[in-house]
Structure formats: structure tokens, C-alpha cells
Amino acid sequence: EAGVAQSPRYKIIEKRQSVAFWCNPISGHATLYWYQQILGQGPKLLIQFQNNGVVDDSQLPKDRFSAERLKGVDSTLKIQPAKLEDSAVYLCASSQGRGNTIYFGEGSWLTVV
Amino acid sequence: RKEVEQDPGPFNVPEGATVAFNCTYSNSASQSFFWYRQDCRKEPKLLMSVYSSGNEDGRFTAQLNRASQYISLLIRDSKLSDSATYLCVPPGNAGNMLTFGGGTRLMVKP
């Protein structure tokens, strides 16, 4: 079974530029998550989708971050404009439903210089 | 009190030792909890999922202490390959938003 796919794997941008990450969850998984993991810390949830609806985005910095899952399958996370403190790994994950086991993609490593 | 707290370690133990990690949490409405393992520069991977008060899988035992609001992971007969960061996901709120702890780093030495 194919896992969670993410791209790009690595991205280096200058501050104030924009970046977008793409995620394709495991087939049939209704719930999709975007996490931010800063080096040395645990993953922090940014946004959770159930199909194409947002369940929780309380920790998403909405002045610069946006995410969508228009058709309830794949999703994009955008940062505009980027700040130095956005340097992190952006992990996409999916699960069959809320409260079920979460499976992670390999992550998109972002460095803002 | 933080929502989820873990001792960051590192825990340095010799091969064959038994080691235990705790993870305290501040609120919960459900009983299921999870432990994930994360290798350096890799994504977290599920180690154990528990839908009751505890579970045992080979050398690994996970327990829930609801009264004291913590979950634990016990590793017996540590192997070099157990060296990793262990992330807890304590009971959440009706399946919404699973919150990860900061992780506990384990180093098993020969």
C-alpha cells in the first residue's frame, strides 16, 4: 500500500518569499493533517481536515499560512511571506478517521535564509 | 501545566537494560493513546496504539494511568536499534487533534 506522499522534499528560500508544499494521503483516508516540526521539538499540529472541511486550524498562523484540500484528497500548504522562524520540517499525515492511527509522510524540509 | 509533557532526555542506557518513559497530559476525554518512534531526520512512525488501559507487544509495554494523567512506555532488553526519539500522543478529546509530546531521546550503548 502506498504511503503518504509529499513534495518537495527540500526547499531553501529567502525570507519574505513564498513556498507551497503538496501532500497526497493514503488512499481512502478521510482525515489529513499538516504538522510543523522544529528541530528538537515534537510535531505541532497546524491544521486538520476531515474530507474537504477544516476540523481544527487553531494553531495555524493565518496571517501567513494557508492550506486547502479542495476535493477531499490531496492538499497544499502555503507560506507567504516566509520568516526565518518558519524553518522546519512540514509533515503531512493521514488517518482513516478522527482518533485513528496517524501515518506520516517523509516530510518537506524548509530552510528560510 | 502544559498540555503534554515529556522528559527530553537523553536517556543513555547499556544494551539489555530496561528503560521507561513517562508522558503527562492535562486533559482527556478518550482512552486511546499512541507511542511513536522517530529516527534522526526521519518521519515519526507508529510504535504502539492502545485502545484500553495498556498493551504489550514483545519487549514494549504501554500503560495508561488515568487517575494520575500519564502514559508510560517500558522497553525491556534494550537493543542498539532502539536508539531513537519516542513521541507520546496521550488521550485526546473525542478524536480531534492528537497532540504530540516533545519526545524523549533514547541512546542505547554497547
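Structure: above.
Quick look at the structure, then. Predicted, not measured: the structure shown is a model, and the values here were computed from it.

Scoring rules and cut-offs
- Residues numbered from 1 in each chain as written.
- Chains lettered and ligands numbered in written order.
- Predicted model: local features only at pLDDT ≥ 70, side-chain atom pairs only at ≥ 80, totals over all residues.
- Heavy atoms only, no water.
- Contact = heavy atoms within 4.5 Å.
- Buried area = accessible area lost by both parts, 1.4 Å probe.
- Salt bridge = Lys/Arg side-chain N within 4 Å of Asp/Glu carboxyl O.
- Polar contact = N/O pair within 3.5 Å; in protein donor to acceptor, adjacent residues only side chain to side chain.
- Helix = DSSP H or I, 4+ residues; strand = E, 2+ residues; numbered from the N terminus.
- Disulfide = S-S within 2.5 Å.
- Buried < 20%, exposed > 50% of the residue type's maximum accessible area, 1.4 Å probe, protein only.

Some thoughts on the interface of chain A and chain B
Right, so step 1: Across the boundary between the two partners, chain A contributes 21 residues, which contact 18 residues of chain B.
Right, so step 2: Across the chain A/chain B interface, buried area totals approximately 1,600 Å², and carbon plus sulfur atoms make up 54% of it.
Right, so step 3: Summed over the shared surface of chain A and chain B, the number is 0 salt bridges.
Right, so step 4: At the boundary of chain A and chain B, one finds 2 residue pairs in polar contact (both at pLDDT 80 or more).
Right, so step 5: Those elements that provide at least two residues to the side of chain A that touches chain B are strand S4 (31-37), strand S5 (44-50) and strand S6 (53-56) of chain A.

What about the state of the cysteines?
Right, so step 1: The full count for this structure, using the stated rule, is 2 disulfides over all chains.
Right, so step 2: Linked covalently through their sulfurs, Cys23 of chain A and Cys92 of chain A form a disulfide whose S-S length is 1.9 Å. In this structure the cystine formed by Cys23 of chain A and Cys92 of chain A twists about its S-S bond by roughly -70°; its chirality is therefore left-handed. With a gap of 69 residues between them, Cys23 of chain A in strand S3 (residues 19-24) and Cys92 of chain A in strand S9 (residues 88-95) connect regions that are remote in the sequence.
Right, so step 3: Given a relative accessible area of 0%, Cys23 of chain A falls into the buried group.
Right, so step 4: Paired through a disulfide, Cys23 of chain B and Cys88 of chain B show a sulfur-sulfur distance of 1.9 Å. Of note, the bridge from Cys23 of chain B to Cys88 of chain B carries an S-S torsion of about 55° and is right-handed in sense.

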